[in-house]
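Report on the structure
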Amino acid sequence: MLSKVGEPGSNQATFFEVLGGVEKVRELVERFYDIMDSDPKAAGIRALHPADLTSSREKLFMFLTGWSGGPQLYIERYGHPMLRRRHLPFTIGEAERDQWMYCMVRAMHDNGIEQPVMLKLTEALWDVADFMRNRPPT
Ligand code: HEM
């Protein structure tokens, strides 16, 4: 079973290890943005992002690598993520959260991530995505 993500001193595997390292995190993020960029169901959140997704891809890759228990690439480059604050310029409600999770779940599925891992990762990322909400439910 997976421990809490990146918990120092834990002898249980982190998401980073279970996923299979940087290449797998990279592939997941690439697939995630390919889906966001092409699936009409994600059009709402696609419109919030820049036309060129290169930097979005790089930043999410760096962030998720550290968040999942791998090297802290994002923090080394940009400092503390302050993720919620960085999302405040964008209106994020339940619909946006759900579109983000939709892209992520599809990406995990397309990349063949095993179901038990997928379930745990979905649960953990849902908490982060829900925390990004800055518009109350209507
Ligand atoms: C809940 C729905 C979400 C929406 C609509 C959303 C949207 C956005 C937008 C529009 C940006 C700015 C453009 C960019 O730099 O790509 C951004 C940045 C970012 N997002 Fe999200 N996001 C969501 C959830 C998340 C989650 C759950 C994570 C992490 C697990 C995340 C990680 C990031 C990171 C690392 C950045 C770059 C921050 C920076 O350094 O500027 N986002 N997001």
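Here, the structure is the one placed above.
Our subject in this report is the structure included herewith. Every chain is numbered on its own, with residues counted from 1 as its sequence reads. With the structure being a predicted model, the display of local features is reserved for residues of pLDDT at least 70 and the display and counting of side-chain atom pairs for 80 or more, all residues being used for whole-chain, interface and lining totals. Only hydrogens and water are set aside when side-chain values are computed; all heavy atoms of the structure are taken into account.

**Some words on the coordination of the iron atom of the ligand**
To keep things clear, this is the line we draw: Counted as donors are the N, O and S atoms within 2.8 Å of the metal, or 3.2 Å for Na, K and Ca, while water is not among the atoms, so some sites may look incomplete. Under the scheme used here, helices are H or I runs from DSSP no shorter than 4 residues and strands are E runs no shorter than 2 residues, and both carry numbers assigned from the N terminus.
Coordination of the iron atom of the ligand by the protein involves just one donor, His87 (NE2), at a distance of 2.0 Å. With respect to the helices and strands, the residue His87 is situated in helix 6 (residues 83–87).

**Quick notes on the packing of helix 2 (residues 22–38) against helix 7 (residues 94–110)**
Our working definition: To define axes, lines are fitted to C-alpha atoms, for helices over the stretch in contact only, and angles between the resulting N-to-C directions are given on a 0 to 180 degree scale. Each angle is binned into one of four classes, with values under 35 degrees roughly parallel, values over 145 roughly antiparallel, values of 65 to 115 roughly perpendicular, and all other values oblique. Crossings are assigned a handedness: left-handed for a near helix turned anticlockwise from the far helix by less than a right angle, right-handed for a clockwise turn. By the convention used here, residues are in contact when the closest approach between their heavy atoms is within 4.5 Å. The classification used treats Ala, Val, Leu, Ile, Met, Phe, Trp, Tyr, Cys and Pro as nonpolar, Asp, Glu, Lys and Arg as charged, and all other residues, Gly among them, as polar.
In contact at an axis separation of 8 Å, helix 2 and helix 7 are set at 125° when each is read in the N-to-C sense. With respect to helix 7, the axis of helix 2 lies oblique. At the point where helix 2 passes helix 7, the crossing takes the right-handed sense. In contact with Leu28, Arg31, Phe32, Ile35 and Met36 of helix 2, helix 7 contributes Trp100, Cys103, Met104, Arg106, Ala107, Met108 and Asp110. For the contact of helix 2 with helix 7, the residue count by class is nine nonpolar, no polar and three charged.

**A word on the nonpolar core**
What counts, and what does not: The definition of a nonpolar core used throughout is a set of buried Ala, Val, Leu, Ile, Met, Phe, Trp, Tyr and Cys residues joined through side-chain atoms within 4.5 Å. Three exposure classes are used, based on accessible area relative to the maximum for each residue type with a 1.4 Å probe and protein chains only: buried under 20%, partly exposed in between, and exposed over 50%.
Phe32 and Leu64 are the most contacted members of the largest nonpolar core, which has 31 residues in total. Of all elements in the fold, only helix 1 (15–19), helix 2, helix 4 (54–67), helix 7 and helix 8 (115–131) reach the threshold of two or more residues within this core. The biggest single contributor to this core is helix 2, with seven residues.

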